[in-house]
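Summary of the model geometry
Single-letter residue listing:
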Amino acid sequence: MASLALSGEEGNADLLYKHGFKVEALKPKAGGKAVQGSSVPLILPNDLKYNVSTGAVEKVPGERRETLQVVPEALGLLEGIEQPVSPLAICGPCRSGKSYILSRLLGSADAFELGHRMDPKTFGIWMGTSVLRGKDFTIVLLDTEGIDAAGARANQDASILVMTILLSSLLIYNSLNVPYKGDLEKMHGTFSIILIAYMFHENNEHFDHFLIENFTRCFIKLAKGISVKKGQKTKMSAFSQFFPDFMWLLRDVSLKPTDKNDKEISPTEYLKTRVLAREDEDEDEDFDESASNKVGRAILTFFSSVECAILERPSEKADIMNNIAEHTSGLNPNFNKGVEALIERLLQLSHAKRGYDKGSTVNGVALSIMAEQYVEAVNDPKAIPVLDNTWKNTIELMRGRAIKEAVVVYKQQMRAAVAKATNNGKVPLEETTEIGMNSTDLVDPSLMDIHHQVLEVVTDMLLEKVGHLGISSGNLGNENKIVVDQMQKRLVQREESTVDYKADDGTTRKQEGFIVIGGELLYYIKQNKESSRTFCQELFKSLFQPIRKRVETPPPDYDFDLLMGELASARQQYSEQARGPEKWVVLQEMTKNLEDLTKDFKKIKGYQKKLMEEREKAHKAELETMEKAQEVHQLYNQAQDMQKTHQETLEKMDQQHREQMEKDFQEKQLSKMQEMMTSMQEKHEEEKRKMMDLMEKQTPKAPPPSLVRRTVQRGADALSAVGEGVVDVAYTVGSGVAGAASTVVSGAKENCTVM
Ligand SMILES: Nc1nc2c(ncn2[C@@H]2O[C@H](COP(=O)(O)OP(=O)(O)OP(=O)(O)O)[C@@H](O)[C@H]2O)c(=O)[nH]1
Ligand SMILES: [Mg+2]
């Protein structure tokens, strides 16, 4: 169905532009099917089927409505949105102008099909095939079937509403006229099912009690629990951050909302204070709380924000109302103004849908995965949609899909880049850049250079796809690393190993590194090896085949020196022109084949002479080597002798030195002693002289001989006492000399004694 685009005053392009949005048609993801019409069913009851080619929904004969199903074509459109999404959904009683008002958001009057009969028109959940594209997020519009739609039982209503709440970030509850407490009681059934489902989400054992028929009993029990256990209340209100914002849109309202004292108040104040607030103020009456109180309180607790908007009746004329899409400019001007104000407010309220993890957002891909999972959960009467589990699964699935897509892009880009670098497979690539050589030194990139370039591109792509999931924002870097690692494992599996490689000079060298044992890259490595082998074999043949021919049937002027020159030049050319990892392997293999040529060498002129020259050269070299060895041996022996002599001289010098030191010391001590002895003796002589003088003076002229003898004797005794004193002094001086010289000192004492 082609939608009726509005223009001029009724169109909303300027308004959207002012808020940074524009209407944009969705494109299916690459390979997805295009869809017909301005809206497409996202979720349908099982008794209806979407016909892709006509864009119509058809009844499935004989099928009874029991479950819900996702429509793959709509999921395909959602998957095309990589930007975070802000799903804006509308729900409420049937035949209340839901599809019409949502169409106006897209600048159309009937983007979502309107009903003109008493029967409900919209079944399931529909999605606009155009979106409001903003800078940071994309608003996706979701239209839902009316609550109490004929043919849907209460639990089916609930399933649709559960899905709508779970999928949206802004929910409009649309109803005709001003609501009263009684309206909330009507909503009780539907809302309580949803709320119970969420509240018990962590505690499955209670789920057995949760039967649709018994929902009222459960709800009362639960409500009692909320007010008694304050802690749980806080926990439940935490759901509000994952619930959408809530807007109650009242249609056909021209009266000004007022408070109990008839003072004019805003529609939101009216909703919060007059409709949703408790009638009685007694906090302890929870158990008997009226159904309307419970719903009111639940709405205020569970939704992120609650506000109210009103619209006047579009027209009083039946013919206009019956064909509203055709009469936009003929509608009540206040209604059209109200629509504009509503659109502006909705744009202001819109925000990217939050994921279950802090700081995360949901994009189109994630939303399509979540839709599938939630449908599965609501179809199972024993299952409950569990927010955190669904989110975890969504992340896993999204990562899986993003990795899969990254691998596809890797393959495409590798194929293109390798084809370009190899001139469509004609010239093989070097596998890696040689050690010590920069990739920029090479004219052509190596295979690993190409791999790294493509890897960088797909890693960025992957991170962009999953980055907005913001899985526990504090740990984002680590989480991203896990995803990148998972992708890299798909691309390259490697093993640590010591690799033998042939350097340019043909020698084998070893290097610590990794070898690729699996992943997408391995395919390119194998392919390149194969190409290198063929290329090098052909090159070898082209270079050596002519030489072989000449050796087998040598031309007359062909001599051995010429042959050697040709071989050297062919090898040089091979080393310059051969490409890829098989370069040296092929050379080795092919050289073996060349060896059988040597038997033909003798046919070549100059070979014998060359052989003799070579032999002589070798003999000369041998002799020279022997002579050199002998010389070296002699020199060695000489060196040994010299070393021995030198050692002995050193020892001798050392001994002499020590003896001289001892001798010097003794002489020094003796001369000291002698000096002392001389001075003592001089003193002794002096005393003796003095005594003799004294004696001479005291002796009478002719003393009797006996007296002389006695006197002489006394004089002799005194003399000997002085002598002993000299010896004692000498000894004392001797002992005072250092111990090392004690023998010298005792010798002196003996000498002294003798003296
Ligand atoms: N009273 C009233 N009727 C309206 C309003 N807007 C549209 N309608 C009319 O309501 C009828 C149903 O409009 P829809 O937009 O299809 O309503 P709906 O809520 O999507 O209906 P279902 O999909 O069947 O639940 C049409 O005839 C419209 O002309 C409104 O603001 N007030
Ligand atoms: Mg509708």
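The structure this text deals with has already been given above.
An account of the accompanying structure is given in this report. (Residues numbered from 1 in each chain as written. Chains lettered and ligands numbered in written order. Predicted model: local features only at pLDDT ≥ 70, side-chain atom pairs only at ≥ 80, totals over all residues. Heavy atoms only, no water.)

**With respect to the overall build of the protein**
- Across its full length, the protein carries 21 helices and 14 strands.
- For the protein, buried positions account for 42% of its 755 residues.
- On the protein, roughly 42,600 Å² of surface is accessible, and the fraction owed to carbon and sulfur atoms is 53%. (Helix = DSSP H or I, 4+ residues; strand = E, 2+ residues; numbered from the N terminus. Buried < 20%, exposed > 50% of the residue type's maximum accessible area, 1.4 Å probe, protein only. Areas by Shrake-Rupley, 256 points an atom, 1.4 Å probe, with all protein chains shown as cover.)

**Focus: the site of ligand 1**
- Close to ligand 1 lie 20 residues; Arg 95, Lys 121, Thr 122, Asp 252 and Met 321 are nearest.
- Ser 96 has a polar backbone atom sitting 3.0 Å from an oxygen atom of ligand 1.
- Between ligand 1 and the protein, one listed contact pairs a nitrogen atom with a side-chain N or O atom of Arg 313 at 3.1 Å.
- Bound to the protein, ligand 1 loses 94% of the 640 Å² it would expose on its own.
- Counting residues per element, the shell around ligand 1 draws most heavily on helix H3 (residues 98–105), which supplies three residues.
- A breakdown of the residues in the shell around ligand 1 according to their chemical character gives eight nonpolar, six polar and six charged. (Near = heavy atom within 4 Å. Polar contact = N/O pair within 3.5 Å; in protein donor to acceptor, adjacent residues only side chain to side chain. Nonpolar A, V, L, I, M, F, W, Y, C, P; charged D, E, K, R; others polar.)

**A closer look at the side chain of Arg 579**
- Considering the arrangement of structural elements, one finds Arg 579 in the loop between helix H17 (560–577) and helix H18 (583–595).
- Excluding anything up to four places from it in sequence, Arg 579 contacts Val 427, Pro 428, Leu 429, Glu 430, Asp 444, Ser 532, Phe 535 and Cys 536. (Contact = heavy atoms within 4.5 Å.)

**Section: the environment of Arg 251**
- With respect to the secondary-structure elements, Arg 251 resides in strand E11 (residues 245–251).
- Judged by relative accessible area, which is 5%, Arg 251 ranks as buried.
- On a C-alpha basis, the gap between Arg 251 and Lys 98 in space is 9.9 Å, while along the polypeptide they are 153 residues apart.
- Apart from residues no more than four positions distant in its own chain, Arg 251 is found in contact with Ser 96, Gly 97, Lys 98, Tyr 100, Ile 101, Asn 174, Ser 175, Leu 176, Asn 177 and Leu 311.
- There is a polar contact of 3.0 Å between the side chain of Arg 251 and the backbone oxygen of Gly 97.

**Quick look at the nonpolar core**
- Ranked by size, the top nonpolar core spans 125 residues in total, and within it Leu 42, Leu 88, Met 127, Met 163, Leu 167 and Met 414 carry the most contacts.
- In this structure, this core is formed jointly by two domains, domain 1 (8–354) and domain 2 (399–491), each of which donates at least three residues.
- Sequence-distant contacts of Met 127, defined by excluding residues within four places in its chain, comprise Leu 26, Ser 38, Ser 39, Val 40, Leu 42, Ala 74, Leu 77, Leu 78, Phe 112, Val 140, Leu 141 and Leu 142.
- Cys 536, Tyr 558, Ala 570 and Trp 584 belong to the second largest nonpolar core, which has 22 residues in total. (Core = buried A, V, L, I, M, F, W, Y, C linked by side-chain atoms within 4.5 Å. Domains from an automatic or database assignment.)

**As for the pattern of salt bridges**
- All chains considered together, the criterion is met by 22 salt bridges.
- The closest approach of N and O atoms between Arg 133 and Glu 24, which form a salt bridge, is 3.0 Å. Taken together, the residues span a long stretch of sequence, with Arg 133 in strand E8 (residues 130–133) and Glu 24 in strand E1 (residues 22–25) at a distance of 109 residues.
- The exposure class of Arg 133 is partly exposed, given its relative accessible area of 22%.
- The partly exposed category is assigned to Glu 24, whose relative accessible area is 22%. (Salt bridge = Lys/Arg side-chain N within 4 Å of Asp/Glu carboxyl O.)

**Quick word on H3**
- In terms of burial, H3 is largely enclosed, as eight of its eight residues are buried.
- Listing the buried residues of H3 in full gives Lys 98, Ser 99, Tyr 100, Ile 101, Leu 102, Ser 103, Arg 104 and Leu 105.
- Phi for Gly 107, located one or two positions after H3, is positive at around 75°.

**Here's the deal with the pairing of strand E9 (residues 138–144)**
- Summarising burial for E9: seven of the seven residues are buried, a large majority.
- Covered by surrounding structure in E9 are Thr 138, Val 140, Leu 142 and Thr 144 together with Ile 139, Leu 141 and Asp 143, the residues of both alternating faces.
- In this sheet, E9 lies alongside strand E6 (residues 85–91) in parallel orientation, the contact comprising six bridges. Within E9, the residue paired with Ile 90 across the bridge is Asp 143.
- Sheet topology places strand E7 (residues 125–128) next to E9; three bridges connect them, and they run antiparallel. Bridging across to E9, Trp 126 finds its partner in Asp 143. (Pairing = 2+ DSSP bridges.)

**Brief notes about the environment of Asn 389**
- Among the structural elements, Asn 389 can be located in helix H13 (residues 387–421).
- Measuring from C-alpha to C-alpha, the distance between Asn 389 and Tyr 356 comes to 9.2 Å, with 33 residues separating the pair along the chain.

**Points about a positive patch on the surface**
- A cluster of basic residues, Lys 404, Lys 411, Arg 415 and Arg 490, forms a positive patch at the surface.
- As for its position among the elements, Lys 404 is in helix H13. (Patch = residues over 30% accessible without salt bridge, like charges linked within 9 Å, V, L, I, M, F, W, Y side chains within 5 Å. Lys, Arg positive; Asp, Glu negative; His and termini not counted. Charge placed at Lys NZ, Arg CZ, Asp CG, Glu CD.)

**Quick look at the coordination of the magnesium ion (ligand 2)**
- With distances of 2.1 Å, the protein atoms coordinating the magnesium ion (ligand 2) are Ser 99 (OG) and Thr 122 (OG1). Remark: Thr 122 occurs in the loop between H3 and E7 and Ser 99 occurs in helix H3; sequence separation between them is 23 residues. There is no split in this pair, since Ser 99 and Thr 122 are both buried. (Donors = N, O, S within 2.8 Å, 3.2 Å for Na, K, Ca; no water.)

**A closer look at the pairing of strand E2 (residues 39–45)**
- Extensive coverage of E2 is indicated by the burial of seven of its seven residues.
- By the bridge criterion, four bridges tie E2 to E7 in an arrangement that is antiparallel. Pairing of Ser 39 across the sheet is with Gly 128, part of E7.

**A look at the packing of helix H16 (residues 520–552) against H18**
- Across the interface, H16 lies against H18 with an axial gap of 9 Å and an inter-helix angle of 35°. Considering only the axes of H16 and H18, their crossing is right-handed. In contact with Ser 532, Arg 533, Cys 536, Gln 537, Phe 540, Lys 541, Phe 544 and Arg 548 of H16, H18 contributes Lys 583, Val 585, Val 586, Leu 587, Glu 589, Met 590, Thr 591, Asn 593 and Leu 594.
- Each residue belonging to the contact of H16 with H18 can be placed in one class, and the counts come to eight nonpolar, four polar and five charged. (Axes fitted to C-alpha atoms, helices over the stretch in contact; angles between N-to-C directions. Left-handed = near helix turned anticlockwise from the far one by under 90°.)

**Overview of the packing of aromatic side chains**
- Scanning the model with the defined rule gives nine aromatic pairs in all.
- Note on Phe 246 and Trp 248: the rings are 6.3 Å apart at their centroids and 85° apart in plane angle, and the pair reads as edge-to-face. Accessibility assignment for this pair places Phe 246 and Trp 248 in one class, buried.
- An angle of 80° between the planes, with centres 5.0 Å apart, marks the rings of Tyr 523 and Tyr 524 as edge-to-face.
- Put simply, the rings of Phe 540, Phe 544, Tyr 574 and Trp 584 touch in pairs and so form one group of aromatic residues.
- Cation over ring: Arg 494 sits above Phe 514, and NZ or CZ is 3.9 Å from the ring centre. (Phe/Tyr/Trp six-rings, centres within 6.5 Å; stacked < 30°, edge-to-face > 60°. Lys NZ or Arg CZ within 6 Å of the ring centre and 35° of its normal.)

**Observations regarding H18**
- Here H18 spans 19 Å end to end across 13 residues, near enough to the 18 Å set by a 1.5 Å rise per residue.
- When H18 is considered as a whole, its buried residues turn out to be Lys 583, Trp 584, Val 586, Leu 587, Met 590 and Leu 594. When H18 is viewed along its axis, its buried side chains cluster within an angular range of 150° and face the same direction. Seen from the open side of H18, the exposed residues pointing more than 90 degrees away from its buried face are Lys 592 and Glu 595. (Expected span 1.5 Å × (residues − 1). Arc of directions from axis to C-beta.)

**Looking at unusual backbone geometry**
- In this structure, Arg 95 takes a positive phi of about 55° despite not being glycine.
- With respect to the secondary-structure elements, Arg 95 resides in the loop between E6 and H3.
- By relative accessible area, which is 32% here, Arg 95 ends up partly exposed.
- With phi around 55°, Asn 424 is a residue other than glycine that occupies positive phi space.
- Summarising the element assignment, Asn 424 is placed in the loop between H13 and helix H14 (447–467).

Note that every value here comes from positions in space, so none of it alone points to a role or purpose.
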